[in-house]
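Coordinates in review
For reference, the chains in residue letters:
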Amino acid sequence: SKEIAIAIDGPAGSGKSTIAKAIAGRFNYIYIDSGAMYRAVTLKALQLGLDLQNEAELTLLAHTIQIQLQYKKGVCGQPELRVIVDGNDESEAIRSLEVTSNVSVVAAVAGVREAMVNLQRKMADASGVVMDGRDIGTVVLPGAELKVFLTASAEERGKRRWLELQAKGIQTDLAELTDQIRKRDLFDSTRQVNPLRQAPDAILLDTTSLTIEEVIERLMSMALEKG
Ligand code: C5P
């Protein structure tokens, strides 16, 4: 079967990165985490003490920052992602609560998006790619052979994030986390430039009551139909 491009979009905590990583691992495709790139810009802006309301400064930063996504084969053949920002491994730092609570503001800046979309398209230039994000099916890879829009109830998504943080030894309040996720999704889906939106030709998949393995299997069979 031929190699295809797979675009996976959806709100925070819908399982995008887990599923995208697994699919890439099984098909031996490249995995591109577009959210990690907006997180990298946000982290750098915070490190430099930039004013996050200053669109010109953020745009300049996005056009000059060096972001490398590196993959190591991890457990179960699932690729493990390292995010290198201007030469430093910031894989953990880009997931901090501070970055998470500021990333949507940075990602809403038109100039930042322009720089990241260009970079993402270059990275996806090879065949056999899985990319996840918010605007992959609509803007970044409109020609992707398979587009999937993953959702789950806000309660379920909050619970997943809570469990994820719990596993890392980070104690958080479930209600607060769910509320944060709701706010981020509202911000991401109502911004002017490339909002979070299901592409007209994307397949909607509600993962609320599905296991990770069930979602992976559904996507694999969708991909095999297209390839
Ligand atoms: O996927 P993740 O939760 O890491 O994304 C972090 C943030 O980056 C999102 O809340 C959104 O504001 C932004 N983002 C985006 N477009 C993408 C991917 C992420 O605007 N394609």
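Scoring rules and cut-offs
- Residues numbered from 1 in each chain as written.
- Predicted model: local features only at pLDDT ≥ 70, side-chain atom pairs only at ≥ 80, totals over all residues.
- Heavy atoms only, no water.
- UniProt positions renumbered as here; feature names shortened; annotations may be inferred.
- Helix = DSSP H or I, 4+ residues; strand = E, 2+ residues; numbered from the N terminus.
- Buried < 20%, exposed > 50% of the residue type's maximum accessible area, 1.4 Å probe, protein only.
- Pairing = 2+ DSSP bridges.
- Axes fitted to C-alpha atoms, helices over the stretch in contact; angles between N-to-C directions.
- Contact = heavy atoms within 4.5 Å.
- Near = heavy atom within 4 Å.
- Polar contact = N/O pair within 3.5 Å; in protein donor to acceptor, adjacent residues only side chain to side chain.
- Areas by Shrake-Rupley, 256 points an atom, 1.4 Å probe, with all protein chains shown as cover.

The name given to the protein in an unreviewed UniProt entry is Cytidylate kinase, and the organism recorded there is Hydrogenispora ethanolica. Under the UniProt heading Subcellular location (unreviewed entry), the note attached to the protein is "Cytoplasm".

**Comments concerning the environment of G111**
Within the secondary structure layout, G111 lies in helix α5 (residues 110-123). Relative accessible area serves as the criterion here: at 12%, G111 is assigned to the buried category. In sequence terms G111 and L58 are 53 residues apart; their C-alpha atoms lie 7.7 Å from each other.

**Focus: the sheet that holds strand β8 (residues 203-206)**
Backbone hydrogen bonds are what pair the strands of a sheet, in a parallel or an antiparallel way. The sheet built from five strands is open, its strands ordered β2-β6-β1-β7-β8 with parallel pairing. The sheet terminates laterally at β2 (30-33) and β8, the two strands that pair on one side only. Ignoring strand direction, the axes of neighbouring strands in this sheet form an average angle of 20 degrees. Here strand β1 (residues 5-9) pairs with strand β7 (residues 146-151) via four bridges, running parallel. Bridging from a neighbouring strand, D9 pairs with F149 of β7. Strands β2 and β6 (129-133) of the sheet are contacted by helix α2 (residues 34-47), whose axis makes an angle of about 40 degrees with β2. Each of β1, β7 and β8 touches helix α9 (residues 212-226); the most contacted strand, β7, lies at about 160 degrees to it.

**Notes on the site of the ligand**
Taken together, 16 residues surround the ligand, and among them R39, R113, D135, R184 and D188 come closest. At 2.9 Å, a side-chain N or O of S34 approaches a nitrogen atom of the ligand. Taking S104, its side chain carries an N or O atom lying 3.3 Å from an oxygen atom of the ligand. Computed on the free molecule, the ligand has an accessible area of 450 Å², of which 97% lies beneath the protein chains in the complex. Counting only elements with at least two residues in the shell around the ligand, the list comes to α2, α4 (97-107) and α8 (174-190). If one sorts the elements of the shell around the ligand by residue count, α2 sits on top with four residues.

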